[in-house]
Amino acid sequence: MIRHISNADIARILRELAIFYEMESVLFKPRAYEKVAENVEALDREVADLYRESGLKALRAIPNVGTGIAAHLELLLKRGTFPEYERLQKKFPVRLEELMGINGLGPQSIRALYAKLKIKNAKELETAARAGQIAQLPHFGTKSQEKILKGLAFLKKGVGRFLLGAVEPIVTAMEERLRRVPGVGRVTTAGSYRRRQETIGDIDILVKVKEKRKLVFRGNGRTAYEHLM
C-alpha cells in the first residue's frame, strides 16, 4: 500500500536528514539531501502518484536522487518512515523545527546543547539560558547565551508571526484540502515558508489548475468562488 505523503512532507523529512547529517559532521550528504528536497518541491506532480505509476524508476528520475535516496523515498512512501531517519531521530531526539528557528543556533550548536544539557526544545533552551548554563559551555560563552535569549524574545514578541514548526501542520492540512478540490493540479506553498524562515507572517499558497475553470471552495459554512487563471 502506498501512503499519500505530500511533497511538502517529503521535502521536510529530507531537510531534517540534511540537518541530522550536519550534526553528525557527515560530509556531502547534507547538501545532497537539501538539493533533493528542493527538487521535490519543484515537481509538477506528487511523488506518491509518480511512484504508483512507475515505481522506483520514477524516484530515480527526480534530479539528484541516487540509489540510496531512492531507497529511502520508497520506504517512506510504503511505511511512512525508514530506518536511517529513525536512527537519527533516536540519536538526536530534538525539535529541529523549533531550535533551528532561533537566531544563533545551527546543527552543531544544537548537537552540543543536547549532548551537554539534554536540551530538546525551545522551552528547555530558555530555561537553561536563563539559568546561565549555556554561557558555561565550551564554544558558547556569555555572548552566545545573550544572542539565544534575544532570539527567543524576538519569537515571543513577533506580532502576527509564528514559529516555522508551529505553522507546518497547518500548511500541510491546507495543502491536502486544496488537492482534494476538483480541478486542482499542483499545490505549492511559497514565500517565507518555502524559504524555511525562522518565523512565518502569512501563508502564500500557489495553486495550478488543470484547466481554466471556476473552482469552488467550501468551508466554515461559506462558499467562495475564485477564478484561477
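Residues numbered from 1 in each chain as written. Predicted model: local features only at pLDDT ≥ 70, side-chain atom pairs only at ≥ 80, totals over all residues. Heavy atoms only, no water.

(A) The overall build of the protein chain, seen in detail. Per the secondary structure count, the protein chain includes twelve helices and six strands. When burial is assessed residue by residue, the protein chain has 45% of its 229 residues classed as buried. A separation threshold of at least 6 residues defines the contact pool for the protein chain, and within that pool the share at least 24 residues apart is 57%. Surface accessibility of the protein chain: about 12,900 Å² in total, with carbon and sulfur atoms responsible for 53%. (Helix = DSSP H or I, 4+ residues; strand = E, 2+ residues; numbered from the N terminus. Buried < 20%, exposed > 50% of the residue type's maximum accessible area, 1.4 Å probe, protein only. Contact = heavy atoms within 4.5 Å. Areas by Shrake-Rupley, 256 points an atom, 1.4 Å probe, with all protein chains shown as cover.)

(B) Representation of the pattern of salt bridges within the structure. Scanning all chains against the criterion turns up 19 salt bridges. Note that R12 is salt-bridged to D9, the shortest N-O span being 3.7 Å. You can see R12 and its partner D9 sitting in helix α1 (residues 7-23), three residues apart, about one turn around the helix. Residue R12 is classed as partly exposed on the basis of its relative accessible area of 22%. Relative accessible area serves as the criterion here: at 18%, D9 is assigned to the buried category. For D49, the salt bridge goes to R52, with nearest N and O atoms at 2.9 Å. Taken together, the residues D49 and R52, both in helix α3 (residues 47-54) and three residues apart, mark about one turn of the helix. (Salt bridge = Lys/Arg side-chain N within 4 Å of Asp/Glu carboxyl O.)

(C) Empty space enclosed by the protein, seen in detail. Tallied over the entire structure, the rule returns one cavity of 30 Å³ or more. As for the largest cavity, its lining consists of 14 residues, of which A8, E41, E175, T188 and T189 are closest to the centre. Counting residues per element, the ones that place at least two in the lining of the largest cavity are α1, α2 (29-41), α11 (164-179), β2 (184-190) and α12 (191-194). Looking at the lining of the largest cavity element by element, the count peaks at four residues for β2. (1 Å grid on protein atoms, 1.4 Å probe; cavity = no way out; pocket = protein on both sides within 12 Å on 5 of 7 lines; lining within 4 Å. Points joined across faces, edges and corners; volume = space filled by probe spheres on them.)

(D) Region of interest: the side chain of E24. With respect to the helices, strands and loops of the structure, E24 is situated in the loop between α1 and α2. In terms of polar contacts, E24 uses its side chain to reach the side chain of K91, at 2.9 Å. Discounting residues that sit within four places of it in the chain, E24 has contacts with R87, L88, K91, F92 and R111. (Polar contact = N/O pair within 3.5 Å; in protein donor to acceptor, adjacent residues only side chain to side chain.)

(E) Molecular detail of the nonpolar core. Counting residues in hydrophobic clusters, the biggest one holds 50 residues, and the most contacted among them are I10, L14 and L125. Aside from chain neighbours lying at most four places away, what touches L14 is Y33, V36, A37, V40 and L73. (Core = buried A, V, L, I, M, F, W, Y, C linked by side-chain atoms within 4.5 Å.)

So yeah, pure geometry; function would need other evidence.
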